[in-house]
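# Observations on chain architecture
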Amino acid sequence: MTGDGPHAPPLPPEWADPAWGGPAPDRGPHTPPLRGSLPPVQVALIGAGNMGGAMAARLCALGWSVVVCDIDPARQQQALDAGAYLANAPDTAARALTADGVLIVCVVDAAQSREVLLGAQGALAAMLSGQTVMLCPTIAPTDAEALATALAEHGVGCIDAPMSGGPVRARDGSMSLMLAGPAALLARHEALLGTMSSQRFVISERVGDGARTKLVNNLVAGINLVGAAEVLALAERLGLDLGTTLDVIERSSGQSWIGSDRMRRAIAGDLAPRAHVTLLEKDTRLAVEASREAGFNGPLGAAAASVFAQAHAAGMADLDDASLLQLLRQTRR
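Residues numbered from 1 in each chain as written. Predicted model: local features only at pLDDT ≥ 70, side-chain atom pairs only at ≥ 80, totals over all residues. Heavy atoms only, no water.

## A closer look at a nonpolar patch on the surface
Taken together, the side chains of Leu 234, Leu 238 and Leu 240 make up a nonpolar region of the molecular surface, amounting to roughly 310 Å² of accessible area. Note that Leu 234 resides in helix 10 (residues 209–237). (Patch = residues over 30% accessible without salt bridge, like charges linked within 9 Å, V, L, I, M, F, W, Y side chains within 5 Å. Areas by Shrake-Rupley, 256 points an atom, 1.4 Å probe, with all protein chains shown as cover. Salt bridge = Lys/Arg side-chain N within 4 Å of Asp/Glu carboxyl O. Helix = DSSP H or I, 4+ residues; strand = E, 2+ residues; numbered from the N terminus.)

## Describing the packing of helix 13 (residues 277–293) against helix 14 (residues 301–316)
Put simply, helix 13 and helix 14 touch, their axes get as near as 9 Å, and they point 145 degrees apart. As helix 13 packs across helix 14, the resulting crossing turns out to be left-handed. Judged by residue contacts, Val 277, Thr 278, Leu 280, Glu 281, Thr 284, Arg 285, Val 288 and Arg 292 of helix 13 engage Gly 301, Ala 302, Ala 305, Phe 308, Ala 309, Ala 311, His 312 and Met 316 from helix 14. Its residues assigned to classes, the contact of helix 13 with helix 14 comprises 9 nonpolar, 4 polar and 3 charged. (Axes fitted to C-alpha atoms, helices over the stretch in contact; angles between N-to-C directions. Left-handed = near helix turned anticlockwise from the far one by under 90°. Contact = heavy atoms within 4.5 Å. Nonpolar A, V, L, I, M, F, W, Y, C, P; charged D, E, K, R; others polar.)

## Details of helix 5 (residues 110–118)
Inspection of helix 5 places Ala 110, Gln 112, Ser 113, Val 116 and Leu 117 among the buried residues, and these make up the whole buried set. All buried residues of helix 5 project into a common sector of 160 degrees when viewed along the axis, lining one side. Where helix 5 is buried, its residues contact strand 1 (41–46), helix 4 (90–95), strand 4 (97–105), strand 5 (132–135) and helix 6 (141–152). The residue sitting at the N-terminus of helix 5 and contributing the capping side-chain oxygen is Asp 109; that oxygen lies 3.3 Å from the backbone nitrogen of Ala 111. (Buried < 20%, exposed > 50% of the residue type's maximum accessible area, 1.4 Å probe, protein only. Arc of directions from axis to C-beta. Polar contact = N/O pair within 3.5 Å; in protein donor to acceptor, adjacent residues only side chain to side chain.)

## Quick look at the side chain of Asp 321
Along the chain, Asp 321 falls in the loop between helix 14 and helix 15 (324–328). In this structure, Asp 321 is in contact with Leu 225, Arg 262, Ala 275, His 276, Val 277, Leu 280 and Phe 308, ignoring residues within four places of it in sequence.

## What to know about the pattern of salt bridges
Using the criterion set out here, one finds 17 salt bridges in the structure. Note that Arg 264 is salt-bridged to Asp 247, the shortest N-O span being 2.5 Å. Taken together, the residues Arg 264 in helix 12 (residues 257–267) and Asp 247 in helix 11 (residues 242–250) connect sequence positions 17 residues apart. Close ionic contact of Arg 262 with Asp 261 constitutes a salt bridge, the shortest N to O distance being 2.7 Å. Here the salt bridges share partners, and the residues they tie into one network are Asp 261, Arg 262, Arg 265, Asp 320 and Asp 321.

Structure (structure tokens):
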């Protein structure tokens, strides 16, 4: 929703074998067999957090066969309820793929992406030449390129496909996908990509350009969010009503989607995590690093990244990033 659920080590024994509690309930045509081998599936999804879980639910609802792998029992249960099968590790999920199947990586960062693809139970060792991996996390372009190279050595295609829009839009298919990869590969999987997103942007055929585009987008999102929190903290210090001030901003030149979305929740005191501070902290840091590697040093990106780092240091890492208002309310001379 940005970044998504953790990668999946083996499931606890009670999840691997339903005999402990009787047969699995009938959940329709995709009733997950939790014992024995998995049936062939079109999609394997690694990481069923906010975004990945919403994607899995959408695909299952529209008739795609999906196997999900995630460490969190609550996410596992949600995948079952949506109609997905469960796998106990990434390589198990990969073995269930059909010859032209797609493995979607929807974890948090590059380290988790490497682990679920190349680790001890990584998916790549179980994948067949001609299959495809979609990389959906926000990662550095160099990491996307390195993973694509490792996949290509095994004959596995790679679609660089970071996403944006949040879980509601992932569930209804209106999220954005920034796609980079060979045109023939994108065309081969057009049906899947079209099911996942009505807002698809083909950036280029160069893997890594999806990641570059996502970092540019998330950097401006971070800058806008810091700016919105700063001006509302200032408005409060000037004695203005925050709701009225935001009303004005939303209908004037200062409007931004992320500012409105997050600051409405912040004003209401709602900091339940939809998008943790750590996500834009990571993304703005990666964007600033990419900027410096390109020889560009803009005036705002590093400043915004430092605010997210301050929020993390202040104990807000696991709060929604709307908590930036709470942080900046504390600003003194």
